[in-house]
Amino acid sequence: MGVLRRATLEQFADAPFSYPEVGGTRETGLPGGYDHVEREHLIGAGRADFDRAAAAVFRWTAQRGAGLRVQASGPASTPGTVVLMTAGLRRLGLDIPCRVVWVVDEPDRRGFGYGTLPGHPESGEESFVVSLRPDGSVIYELRAFSRLADRFARLGAPVGHRVQTLALDRYVAAMRRAAR
């Protein structure tokens, strides 16, 4: 969706998830049959860095920092929020629809996970969590499981994997800037 036309948030309001393991990034083990990503990055130190980073997570800072245009039906801190991200040029861009599946909002741990909706080039889930460790370290945790959603996406698999790695690196850089 979104190539030569624009998708809208309303189109995805009642859309089903495009994978069955909804909430899987919140579990200890990621579901089988997918590519997995589990990364932890030190992005700051102390309560002030944690508070800035936690606020940034819920403002879609990582996604915007990766160069995505973000439209959302609400904040990332609300389960059920639909987010429509667009990569590329405005009219030729690729729309990336997701919905917030779960949220963690604890004194020393904040973040969310979102899952893919029909039209997303991949099928699966990503989570973005900031934690303040007992030693004062502020850690940004990224967890994901995904697989390419259709034949068209599978044709570009090598490029798709490289783009995902680049996006994850940009997420981390954006969160590191936000924390300090």
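Counting restarts for each chain, with residues numbered from 1 along the sequence as it is written. Reporting of local features is limited, given that this is a predicted model, to residues whose pLDDT is at least 70; pairs of side-chain atoms are given and counted only at 80 or more, and all residues count toward the totals for whole chains, interfaces and linings. Remark: hydrogens and water are excluded; side-chain values derive from all non-hydrogen atoms of the structure.

## Quick look at the overall build of the chain
- Here a helix means four or more residues in a row that DSSP labels H or I, a strand means two or more in a row labelled E, and each is numbered from the N terminus. Along its length, the chain carries four helices and seven strands.
- Each helix and strand of the chain, placed in order from N terminus to C terminus, yields the pattern β-α-α-β-β-β-β-β-β-α-α.
- Out of the 180 residues belonging to the chain, those deemed buried represent 49%.
- Residues are treated as being in contact if the distance between any of their heavy atoms lies within 4.5 Å. Excluding contacts between residues fewer than 6 apart, the proportion of contacts in the chain whose partners are at least 24 apart in sequence is 60%.
- Accessible surface, the chain as shown: approximately 8,800 Å² in total, 55% of it carbon and sulfur. Working definition: with a 1.4 Å probe on protein chains only, accessible area under 20% of the residue-type maximum means buried, over 50% means exposed, and in between means partly exposed. Calculation of accessible area relied on Shrake-Rupley with a 1.4 Å probe; when residues are assessed, cover is drawn exclusively from the protein chains displayed.

## A closer look at unusual backbone geometry
- Residue tryptophan 60 is not a glycine yet carries a positive backbone phi of 65°.
- Tracing the backbone through its elements, the reader meets tryptophan 60 in the loop between α1 (47-58) and α2 (61-65).
- By relative accessible area, which is 4% here, tryptophan 60 ends up buried.

## Focus: the side chain of aspartate 49
- Inspection of the secondary structure puts aspartate 49 in helix α1.
- With residues near it in sequence (within four places) discarded, aspartate 49 still touches Gly44, Val138, Ala179 and Arg180.

## With respect to the nonpolar core
- Residues Phe112, Tyr114, Tyr140, Tyr171 and Met175 are the most contacted members of the largest nonpolar core, which totals 34 residues.
- Only β1 (35-45), α1, β3 (82-87), β4 (94-106), β5 (109-116), β6 (122-132), β7 (137-148) and α4 (157-179) provide two or more residues apiece to this core.
- Among the elements that line this core, the one with the most residues is α1, at six residues.
- Tyr19, Leu30, Tyr34 and Phe145 belong to the second-largest nonpolar core, a separate cluster that totals eight residues. Grouping buried Ala, Val, Leu, Ile, Met, Phe, Trp, Tyr and Cys residues that are joined through side-chain atoms within 4.5 Å yields what is termed a nonpolar core.

## Some thoughts on the packing of aromatic side chains
- Here a pair means two rings of Phe, Tyr or Trp (six-membered ring of Trp) with centres within 6.5 Å. Their orientation is stacked below 30 degrees between planes, edge-to-face above 60, and tilted elsewhere. On inspection of all chains with the given rule, the structure shows nine aromatic pairs.
- Relative to phenylalanine 145, the ring of tyrosine 19 lies with its centre 5.7 Å away and its plane at 75°, an arrangement referred to as edge-to-face. One end of the pair, tyrosine 19, is in the segment before β1; the other, phenylalanine 145, is in strand β7, with 126 residues separating them in the sequence. Of the two residues examined, tyrosine 19 and phenylalanine 145, each falls in the buried class.
- Aromatic rings pair up to connect Trp60, Phe112, Tyr114, Phe128 and Tyr171 into one cluster.

## Examining the sheet that holds strand β2 (residues 69-72)
- Here a strand pair is declared whenever DSSP counts at least two bridges between the two strands. Pairing within the open sheet is antiparallel, and its seven strands lie in the order β1-β7-β6-β5-β4-β3-β2. The sheet is open, and its two edges are formed by β1 and β2, each paired on a single side. On average, adjacent strands in this sheet sit at an angle of 20° to one another, irrespective of strand direction.
- Note: β1 against β7, ten bridges, orientation antiparallel. Residue pairing across strands places histidine 36 opposite phenylalanine 145, the latter belonging to β7. Angles shown run from 0 to 180 degrees and are taken between the N-to-C directions of axes, each axis being a line fitted to C-alpha atoms and, for helices, limited to the stretch in contact.

## Remarks on the pattern of salt bridges
- We define a salt bridge as a side-chain nitrogen of Lys or Arg found within 4 Å of a carboxyl oxygen belonging to Asp or Glu. The full count for this structure, using the stated rule, is nine salt bridges.
- Notably, a salt bridge pairs glutamate 38 with arginine 143, separated by 3.0 Å at the nearest N-O pair. Residue glutamate 38 is found in strand β1, and its partner arginine 143 is found in strand β7; the two are separated by 105 residues along the sequence.
- Classification of glutamate 38 as exposed rests on a relative accessible area of 55%.

The analysis is restricted to geometry; functional conclusions fall outside its scope.
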